[in-house]
Amino acid sequence: MSWQRPLLNGWLRRVEKPRLAHATSHDSLRRRLERNARFFFRGPRDVAQSWRDLGNGAALWLEPAGADRDRVLLYFHGGAYIFGSPRTHAAMVAVLAHAVRACAVLPTYPLAPEHAFPAALDRAEDAYHALLARGVRPENIMLGGDSAGGGLALALLARLIRTGVVLPGGLFAFSPLTDLTFSGASLHVNAGRDVMLPALRLSEMAGHYLAGTAADDPEVSPLFADFTGAPPVWITVGDTEILLDDSRRIVGRMRAQGVPVQMHITCDLPHVWPMFHNILPEARATLNDLAGWINSRWDAAPGS
């Protein structure tokens, strides 16, 4: 492990976790993440950024120099369905897009509490269909997301399977939120070990997104969805995260349904650590490993 890891974990535990625990407004959470992203996160200089229409909303497009425009990462940002934006996650996704020499698309989606379920999932589905309408082959689309955005990507994949829509080439997720019933043991076991997420706030934040929807509905908790026939999936999570069991259990269910899944459990790294790629060697290593998996999937696709 790097010497940067304990320093980052200490700062997150002393500064960021208490602020998340005691935040009194959604607007303050949104403003803080936007400020932190501008200060801490920097992507490769040769990745162009532009805002374009995509379906029923805007999306941030990332295009590395020399990228294959026929290959697209469709990425949904995290933030408990309450905060975050394409801007806050652009640097991390740009590093990944640069590594695989593909374009990345980060759609905006409606945030709670102003917009409860199913607004975010409907928007994610619109974005996928819009890429298909632009002529991108489904096997050249890789779904991705982190935390709530990872849950959103998984819920989208389950909806595409259920409705019989042509499926993407694969899906990857960092520390995905998959169970809004919060029944995983790690929520309690890791409550003190998780350096970033305050366990006591999760149910409150989820309530804004659910707004009366049953927490075990597969479209809000993809842990309970049917993924039979899904393309390959890659998931990573840290062993000290309160969301550890969200990954372990959905991977187990997917494998039981015949889905090819890779799961990588890392040691003592914070929630969605690839966000800290500028300072954390482990973050860069994770992104490089994921890039290798994505390229292997695309290279194995018919007609590649």
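Summarised in this report is the structure supplied together with it. Please read all numbers here as calculations on a predicted model, not as lab measurements.

Conventions and cut-offs
Residues numbered from 1 in each chain as written. Predicted model: local features only at pLDDT ≥ 70, side-chain atom pairs only at ≥ 80, totals over all residues. Heavy atoms only, no water. Axes fitted to C-alpha atoms, helices over the stretch in contact; angles between N-to-C directions. Helix = DSSP H or I, 4+ residues; strand = E, 2+ residues; numbered from the N terminus. Parallel < 35°, antiparallel > 145°, perpendicular 65-115°, else oblique. Left-handed = near helix turned anticlockwise from the far one by under 90°. Contact = heavy atoms within 4.5 Å. Nonpolar A, V, L, I, M, F, W, Y, C, P; charged D, E, K, R; others polar. Buried < 20%, exposed > 50% of the residue type's maximum accessible area, 1.4 Å probe, protein only.

Section: the packing of helix α4 (residues 119-133) against helix α5 (residues 148-163)
Step number 1: Across the interface, α4 lies against α5 with an axial gap of 10 Å and an inter-helix angle of 65°. Classified by the interaxial angle, the pair formed by α4 and α5 is roughly perpendicular. Along this stretch, α4 crosses α5, giving a crossing that reads as right-handed. Where α4 abuts α5, its residues Ala120, Leu121, Asp122, Ala124, Glu125, Tyr128 and His129 lie against Leu152, Ala155, Leu156, Arg159 and Leu160.
Step number 2: Partitioning the contact of α4 with α5 into residue classes produces eight nonpolar, one polar and three charged.

A word on unusual backbone geometry
Step number 1: Geometrically, the link from Ala112 to Pro113 is a cis peptide bond, its omega value of 5° lying close to zero.
Step number 2: Position of Pro113 among the secondary structure elements: in the loop between β4 (102-107) and α4.
Step number 3: The step from Phe117 to Pro118 runs through a cis peptide bond, and the omega angle for that step is 15°.
Step number 4: Note that Pro118 resides in the loop between β4 and α4.
Step number 5: For Ala211, which is not glycine, the phi dihedral falls at a positive 45°.
Step number 6: Within the secondary structure layout, Ala211 lies in the loop between α7 (202-210) and β7 (233-238).
Step number 7: Judged by its relative accessible area of 53%, Ala211 is exposed.

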